[in-house]
Amino acid sequence: QVQLVESGGGLVQPGGALRLSCAASGSISSIAAMGWYRQALGKQRELVARIFNSGYTNTADSVKGRFTISRDNAKNTVYLQMNSLKPEDTAVYYCNIFARATSYGPPDNYWGQGTQVTVSS
């Protein structure tokens, strides 16, 4: 079984910064990609940023230049540094990994429980 534990959410004023962390543990053979998605109230879940084993990243246009994703492969941990936060960044942020639980099985998506980020004065 795969577990994802997120931390770092909270309340911050516009223009402020937060850093989210997500540590993956459990039955993991390999991780192809790690990323962050978010879901604002009344909206669909959307990709924020994702990082692949190669180091390649893709980032939503709405956060480019403000958010940076990184990962520590030795710790199976992904980070999201969020700077210059805006009220429209308010959402529940979900950690995601695309990983194999065994060396012979197909990869699958795994999700964290979500962490609330609120940007408000």
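Residues numbered from 1 in each chain as written. Predicted model: local features only at pLDDT ≥ 70, side-chain atom pairs only at ≥ 80, totals over all residues. Heavy atoms only, no water.

Some remarks on the side chain of Thr-115
Of note, Thr-115 is situated in strand 11 (residues 115-119). Among the polar contacts listed, one links the side chain of Thr-115 to the backbone nitrogen of Gly-9, at a separation of 3.4 Å. Excluding residues that lie within four positions of it along the chain, Thr-115 makes contacts with Glu-6, Gly-9, Leu-20, Ala-91, Val-92 and Tyr-93. (Helix = DSSP H or I, 4+ residues; strand = E, 2+ residues; numbered from the N terminus. Polar contact = N/O pair within 3.5 Å; in protein donor to acceptor, adjacent residues only side chain to side chain. Contact = heavy atoms within 4.5 Å.)

With respect to the packing of aromatic side chains
Within the structure shown, the criterion is met by two aromatic pairs. Ring plane angle 65° and centroid distance 5.0 Å describe the contact between Tyr-37 and Trp-111, whose orientation is recorded as edge-to-face. Of the two residues, Tyr-37 is situated in strand 4 (residues 30-39) and Trp-111 in strand 10 (residues 108-111); the sequence distance between them amounts to 74 residues. With relative accessibility at 16%, the residue Tyr-37 sits in the buried group. You can call Trp-111 partly exposed: its relative accessible area is 38%. (Phe/Tyr/Trp six-rings, centres within 6.5 Å; stacked < 30°, edge-to-face > 60°. Buried < 20%, exposed > 50% of the residue type's maximum accessible area, 1.4 Å probe, protein only.)

Here's the deal with unusual backbone geometry
Phi angles above zero are rare outside glycine, and Asn-76 is one such case at about 50°. In this structure, Ser-84 is a non-glycine residue whose phi angle is positive, near 50°. With respect to the helices, strands and loops of the structure, Ser-84 is situated in the loop between strand 8 (77-82) and strand 9 (91-100).

Interpretation note: all reported values are geometric properties and have no functional meaning in isolation.
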